[in-house]
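The chain contents come next:
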Amino acid sequence: MTTTFTHTIGSSGNTGDGVNGDYSTVLSWEQAAPASLTTADEDWQGKLQQQVLSVAGTVGTFAGSTVDATRYKELTPVTGASWGEAGVHGAVDATGAAALLKGTAATNIVVVSEDYVRCNRFQIQGTSGGGAAAITASGNAHADLDRLLCETFGTNTTNMCARVTGSNRLRNSLVIQRSSGASGIIAHSDWASEGGLFNNTFVCPSDLTKATI
């Protein structure tokens, strides 16, 4: 029977609750996963604490483990820290009851290149332009990106704010393009099987030159 291993991610210095997470960063949590979740018969679940997790570059990468449809990695907030709770519904809000990933360099913030990854109910914000995307899921299969808030200044014609291709899907999410006159908001192509965009909202503020989807 598959065992779910749940670990918290964060530090007491940011949460103010005096409790350190099991891992201080998303990268360290992901890298601690077994090389083969199928052999170990495990699910690997990371729960973000209510805080800003900020690094100069990629905040989280999913890669390297052998997985299948029932044994995979999932990144989600702890109870009470989900995007959409406590009035956090619009632009990224680091003070509300929502977990936030914040990149500070022109690199993709969350990179999914492993099958069956699940990311849901947290915020992602990029503060730089260039090639920065909030999240990219390409070259793999069946990633489920659900109820995310993605806000960036990315202008790269390949990545933009988010990149979702193949059998990967982005659903029930809000994607905000903060770069004036950007060439687009979302990058997508070559969808297969259940891949695609479902029930999302794409936004460019009215005081900026609008981007095209």
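Draft legend 1. Representation of the overall build of the protein chain in the model. Within the protein chain, the regular secondary structure consists of 3 helices and 18 strands. In the protein chain, buried positions account for 49% of the 213 residues. Excluding contacts between residues fewer than 6 apart, the proportion of contacts in the protein chain whose partners are at least 24 apart in sequence is 77%. Split by element, the accessible area of the protein chain, about 8600 Å² in all, is 47% carbon and sulfur.

Draft legend 2. Structural context of the sheet that holds strand β5 (residues 73-77). One open sheet holds the 7 strands; their spatial order is β1-β2-β5-β8-β11-β14-β17, and the pairing between them is parallel. Each edge of the open sheet carries a strand with a single partner, namely β1 (3-9) and β17 (196-198). Within this sheet the neighbouring strands show an average axis-to-axis angle of 15°, counted without direction.

Draft legend 3. Structural context of the packing of aromatic side chains. As enumerated under the stated definition, the model contains 2 aromatic pairs in all. Considering the side-chain rings of phenylalanine 5 and tryptophan 44, the 6.4 Å spacing of their centres and the 35° angle between planes classify their relative orientation as tilted. You can see phenylalanine 5 sitting in strand β1 and its partner tryptophan 44 sitting in strand β2 (residues 42-48), a full 39 residues away along the chain. For phenylalanine 5, a relative accessible area of 34% translates into the label partly exposed. For tryptophan 44, a relative accessible area of 6% corresponds to the buried category. With a centroid separation of 6.0 Å and 80° between ring planes, the pair formed by tryptophan 29 and phenylalanine 62 is classed as edge-to-face. With tryptophan 29 in helix α2 (residues 26-31) and phenylalanine 62 in strand β4 (residues 60-62), this pair connects stretches of sequence that are 33 residues apart. Take phenylalanine 62: its relative accessible area is 0%, and that puts it in the buried class.

Each value, and the rule that gives it
- Residues numbered from 1 in each chain as written.
- Predicted model: local features only at pLDDT ≥ 70, side-chain atom pairs only at ≥ 80, totals over all residues.
- Heavy atoms only, no water.
- Helix = DSSP H or I, 4+ residues; strand = E, 2+ residues; numbered from the N terminus.
- Buried < 20%, exposed > 50% of the residue type's maximum accessible area, 1.4 Å probe, protein only.
- Contact = heavy atoms within 4.5 Å.
- Areas by Shrake-Rupley, 256 points an atom, 1.4 Å probe, with all protein chains shown as cover.
- Pairing = 2+ DSSP bridges.
- Axes fitted to C-alpha atoms, helices over the stretch in contact; angles between N-to-C directions.
- Phe/Tyr/Trp six-rings, centres within 6.5 Å; stacked < 30°, edge-to-face > 60°.

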